[in-house]
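# A look at the structure
In case you want the letters, here they are:
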Amino acid sequence: MPQLITTKPQLWALKLVIHGACLLPAIWLFYLAAIDDLGADPVKELIHFYGIGAVHCLFATLLVSPLSRWRKTPLLMRCRRMLGLYVAFYATFHILCFLVFEWQLQWIDVIDEVIRRPYITVGFIAWLVLMALTTTSLKLIQRKMGARWVQLHSLVYPAFALVLLHFYWSQKSPWNDALLYALAGTLLLYSKRKQLLAWVRLVK
Amino acid sequence: AQRQPLNYQRAESNLDLTPEKKVTTYNNFYEFGTDKADPAKHAQALKTKPWQVAISGEAEITGSFNLEDILKWNPLEERIYRLRCVEAWSMVIPWIGFSLGDMLKRFKPTSKAKYVVFKTLHDPAQMPGQRNRWAGGGINYPYVEGLTIAEAMHPLTLMAVGLYGKTLPPQNGAPIRLVVPWKYGFKSIKSIVSIHFSERRPRTTWHDLAPNEYGFFANVNPSVAHPRWSQASERIIGSGGIFSQKRRDTELYNGYGEQVASLYSGIKENHFF
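Model, not experiment: these values are computed from the prediction.

### Focus: the overall build of chain B
- On a plain count of helices and strands, chain B comes out with 8 helices and 12 strands.
- Its C-alpha radius of gyration of 18 Å places chain B within 12% of the 19 Å reference for a compact globule of 273 residues.
- Across the 273 residues of chain B, 57% fall into the buried class.
- For chain B, the share of sequence-separated contacts (at least 6 apart) that also reach a separation of at least 24 residues comes to 71%.
- Counting every atom, chain B has about 11600 Å² of accessible surface; 50% of that belongs to carbon and sulfur.
- Treating the 34 positive side-chain charges of chain B as one cloud and the 25 negative ones as another, the clouds have centres 3 Å apart.

Next comes the structure, spelled out in structure tokens:
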């Protein structure tokens with residue numbers, strides 16, 4: 001099986017493509033929402049778009065290591081941190097749109113929602129985890145933390161599960177796309193069960 | 001679908017109307033898909049002519065009636081109502097129709113008629129959501145809704161056949177739908193083919209699907225939260241993009257309490273939902 005990418009320039013090209021694929025739609029949809037050209041309810045559209053964007057980036061991030069192992073392409077791993085940061089980017093805009101446009105910066109009401117609505121609580125906890133991972137993503141911090149960094153960053157798996165639960169729980173009716181995402185996510189977590197069990201033992 | 005202009009008595013109102021484009025592209029009509037943009041995309045071929053409404057149950061006059069004839073019974077009038085969705089957004093819509101009570105009186109409901117039960121068209125060939133559980137959000141079709149006879153006879157309860165001066169577009173429930181402005185939107189059933197006078201309270205669609213989330217009465221009430229979100233305030237679907245959004249505090253009975261609160265003076269259940 002041939003490697004997917006073998007040279008540095010190929011890696012840079014791939015990174016450029018990822019930047020484009022993540023940034024351009026995020027900016028374009030924000031523009032459409034600002035000029036009221038994104039359906040009847042641009043707020044809902046934007047919140048959903050950023051939320052699902054975060055889910056997509058999260059799947060991509062978690063698929064990097066199996067893909068690079070399968071195609072014996074270690075260079076691929078160099079894209080993972082960047083994809084992980086885009087998860088945080090999308091998730092943060094998802095929350096900002098909820099706070100600023102949906103709730104018009106009514107902090108008290110938003111805090112109330114976060115505490116009292118389980119599906120929002122779950123999503124918020126996932127976001128806090130993502131923020132912990134983001135702030136410790138610098139190479140320097142990674143070196144300093146050593147083995148603890150790996151432990152901390154394995155929290156991406158529980159965060160992933162919480163994100164999928166948040167997505168499914170937010171739906172009005174029981175049969176929807178979020179169920180398919182949850183199914184795919186369960187398969188992905190199942191395929192990583194060995195790492196997960198090792199991590200659980202380590203944390204204990 | 002081509003919308004026909006209607007002759008009707010105009011209404012005055014100081015409410016800010018939701019733009020027609022938004023009223024007709026932001027719809028919960030799961031028979032045509034669960035995304036709010038789906039009905040406008042998938043409902044355009046809905047055949048609304050000829051259309052019949054079957055009247056049955058506890059009434060002296062029953063049978064099947066052509067919509068054309070039903071429309072001759074009462075003059076059309078415009079009613080500008082707030083619409084509050086259970087999902088915590090709201091619109092203001094200029095409906096055109098006639099009072100449901102005026103229509104129902106013609107059938108001479110008997111003293112046994114305690115509830116009025118409505119059904120939406122069941123036609124999987126025309127409605128993708130009824131062909132496929134994924135497309136239809138897992139709802140059991142046909143969609144059923146119901147009112148107490150007192151609610152049905154209330155002068156605010158409207159049978160709508162148009163909006164913004166023209167006949168209803170399919171995504172808004174053509175050719176004939178219910179509008180109950182003091183209740184959450186899901187009570188206002190669309191594309192009605194059957195009206196049944198019943199002695200017993202019917203099983204209604206959303207209540208059946210999630211009884212802890214959607215009540216039978218479903219009166220708008222800011223102090224009773226949906227289990228998954230607050231109902232204390234609502235986002236107004238108005239004109240403008242994300243930088244010109246507005247929220248408002250939700251009113252008890254959606255602001256129609258003065259007219260309808262007396263309907264519930266003896267009913268405790270209503271205080272929940």
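The discussion continues.
### Focus: the sheet that holds strand β5 (residues 115-120) of chain B
Residues and elements named next belong to chain B.
- As summarised here, the arrangement of the 5 strands in space is β2-β1-β10-β5-β6, forming an open sheet in which the pairing is mixed. Each edge of the sheet is formed by a strand with only one pairing partner; in this case those strands are β2 (63-66) and β6 (144-148). Between one strand axis and the next, the sheet turns through 20 degrees on average, direction left out of account.
- With 4 bridges joining them, strand β1 (residues 52-57) and β2 adopt antiparallel strand pairing. Each residue of the ladder has a partner; that of Gln 52, found in β2, is Asn 66.

### What to know about the interface of chain B and chain A
- Across the contact, 33 residues belong to chain B and 30 residues belong to chain A.
- Counting each side, the surface lost to burial between chain B and chain A is near 2700 Å², with a carbon and sulfur contribution of 58%.
- On the chain B side of the contact with chain A, Trp134(B), Arg228(B) and Ile242(B) bury the most area, a combined 29% of that side's loss.
- A salt bridge links Glu87(B) to Lys172(A); the shortest N-O distance between them is 3.2 Å.
- Viewed at the interface, chain A and chain B are joined by 13 residue pairs in polar contact (both at pLDDT 80 or more).
- For the side of chain B that touches chain A, the secondary structure elements donating two or more residues are α7 (205-209), β11 (233-236) and β12 (246-249) of chain B.

### A short note on the layout of surface pockets
Residues and elements named next belong to chain A.
- Of the voids in this model, the second largest pocket is the one considered here, and its volume is about 970 Å³.
- Surrounding the second largest pocket, 34 residues form its lining, Thr 61, Arg 80, Arg 81, Trp 149 and His 153 being those nearest its centre.
- Those elements that provide at least two residues to the lining of the second largest pocket are α1 (8-34), α2 (42-70), α3 (80-102), α5 (118-135), α6 (139-145), α7 (147-153), α8 (156-169) and α10 (193-203).
- For the lining of the second largest pocket, the leading source of residues is α3, giving 7 residues.

### A word on a nonpolar patch on the surface
All names here are of chain A.
- Where nonpolar side chains cluster on the molecular surface, the patch consists of Phe 93, Leu 96, Val 100, Leu 105, Trp 107, Ile 108, Ile 111 and Ile 115 and spans about 790 Å² of accessible area.
- If you list the elements that add at least two residues to the nonpolar patch, you get α3 and α4 (107-116).
- The dominant element in the nonpolar patch, judged by the number of residues it contributes, is α4, at 4 residues.
- Within the fold, Ile 115 resides in helix α4.
- Ile 115 sits in the exposed class, given a relative accessible area of 63%.

### Focus: the UniProt feature "transmembrane region" (unreviewed entry) in chain A
Residue and element names in this part refer to chain A.
- UniProt records the feature "transmembrane region" (unreviewed entry) for residues 12-34, 46-64, 85-107, 119-138 and 150-169 in the present numbering.
- Summarising residues 12-34: 100% helix, 0% strand, and an end-to-end C-alpha distance of 32 Å.
- Helix makes up 85% of residues 119-138 and strand makes up 0%, while its end C-alpha atoms are separated by 31 Å.

### A look at the pattern of salt bridges
- Throughout the structure, instances matching the rule amount to 20 salt bridges over all chains.
- Arg235(B) is paired through a salt bridge with Glu102(A); the nearest N and O atoms lie 3.4 Å apart. Of this pair, Arg235(B) sits in strand β11 while Glu102(A) sits in helix α3, which puts the two residues in different chains.
- Overall, Glu102(A) belongs to the buried group, its relative accessible area being 17%.
- Among the ionic pairs, Glu102(A) bridges to Arg247(B), the shortest N-O distance being 3.8 Å. Of the two residues, Glu102(A) is situated in helix α3 and Arg247(B) in strand β12; the pairing between them involves two chains. Arg247(B) matches Glu102(A) in its accessibility class, with the two residues each being buried.

### Some words on empty space enclosed by the protein
Residue and element names in this part refer to chain B.
- The tally for this structure, following the rule as stated, stands at 2 cavities of 30 Å³ or more.
- Space inside the largest cavity adds up to approximately 360 Å³.
- If you go around the largest cavity, you meet 26 residues; those closest to its centre are Asn 28, Arg 177, Gly 185, Phe 186 and Lys 190.
- Sort the elements by how many residues they give to the lining of the largest cavity and strand β4 (residues 89-99) lands first, with 4 residues.

### Quick notes on the confidence of the model for chain B
- The predicted model of chain B has a mean per-residue pLDDT of 95, with 98% of residues at 70 or higher.
- Across the interfaces of the predicted complex, the ipTM metric reaches 0.78, alongside a pTM of 0.87.

### Let's talk about the UniProt feature "domain: Ferric oxidoreductase" (unreviewed entry) in chain A
- The residues that UniProt annotates with the feature "domain: Ferric oxidoreductase" (unreviewed entry) are residues 51-163 of chain A.
- Between the first and last C-alpha atoms of residues 51-163 of chain A the distance is 9 Å; the span itself is 82% helix and 0% strand.

### Quick notes on unusual backbone geometry
- Cis geometry marks the peptide bond from Lys49(B) to Pro50(B), where omega comes out at -5 degrees.
- Residue placement: Pro50(B) occurs in the loop between α2 (38-42) and β1.
- In the segment running from Tyr141(B) into Pro142(B), the intervening peptide bond is cis, with an omega of 5 degrees.
- Within the fold, Pro142(B) resides in the loop between α5 (128-131) and β6.
- Notably, Asp36(A) is not glycine yet its phi reads approximately 60 degrees, a positive angle.
- You can see Asp36(A) is positioned in the loop between α1 and α2.
- Looking at Asp36(A), the relative accessible area reads 24%, which means it is partly exposed.
- Residue Tyr164(B) is not a glycine yet carries a positive backbone phi of 50 degrees.
- Of note, Tyr164(B) is situated in the loop between β7 (158-163) and β8 (166-167).

Criteria and thresholds
Along each chain, the written sequence defines residue order, and numbers are assigned to residues from 1. Working convention: letters from A go to chains and numbers from 1 go to ligands, in the order in which they are written. The model is predicted, so local features are restricted to residues of pLDDT at least 70 and side-chain atom pairs to those at 80 or more, both for listing and for counting; the totals for chains, interfaces and linings are taken over all residues. Note: side-chain values were computed over all heavy atoms of the structure, leaving out hydrogens and water. Each helix is a run of DSSP H or I of at least 4 residues and each strand a run of E of at least 2, with the numbering of both proceeding from the N terminus. Radius of gyration means the value over C-alpha atoms here, while the globule rule gives 2.2 Å times the residue count to the 0.38 power. Only protein chains enter the calculation, and the probe is 1.4 Å; a residue is then buried if its accessible area is under 20% of its type maximum, exposed if over 50%, and partly exposed in between. Contact between two residues is taken to exist if any of their heavy atoms lie within 4.5 Å; hydrogens are not considered. We get accessible surface area from the Shrake-Rupley algorithm with a probe of 1.4 Å; when it comes to residues, only the shown protein chains can shield them. The charge count treats Lys and Arg as positive and Asp and Glu as negative. His and the chain ends do not count. Every charge is mapped onto a representative atom, which is NZ of Lys, CZ of Arg, CG of Asp or CD of Glu. Pairs of strands are assigned from DSSP output, requiring at least two bridges between the strands. Only C-alpha atoms enter the line fits that serve as axes; for helices the fit covers just the stretch in contact. Angles between N-to-C directions range over 0 to 180 degrees. Once two parts are brought into contact, the accessible area they lose, counted with a 1.4 Å probe and summed over both, makes up the buried area. Here, a salt bridge means any Lys or Arg side-chain nitrogen found within 4 Å of an Asp or Glu carboxyl oxygen. As used in this structure description, the phrase polar contact means that two N or O atoms lie within 3.5 Å; if the pair is within protein, one of them must be able to donate a hydrogen and the other to accept it, and residues adjacent in sequence are counted only when both atoms belong to side chains. Residues are called lining when one of their atoms sits within 4 Å of a cavity or pocket point, these points coming from a 1 Å grid over the protein atoms alone, where a cavity is a set in which a 1.4 Å probe fits but cannot get out and a pocket is an open set with protein on both sides within 12 Å along at least five of seven lines. Grid points are joined across faces, edges and corners, and a volume is the space filled by probe spheres set on the points. Patches draw on residues past 30% relative accessible area with no salt bridge. Two like charges within 9 Å are joined, as are two nonpolar side chains (Val, Leu, Ile, Met, Phe, Trp, Tyr) within 5 Å. UniProt positions are given in the numbering used here, feature names are shortened, and annotations may be inferred rather than shown by experiment. Each residue carries a pLDDT value, the predictor's own confidence for that position, ranging from 0 to 100.

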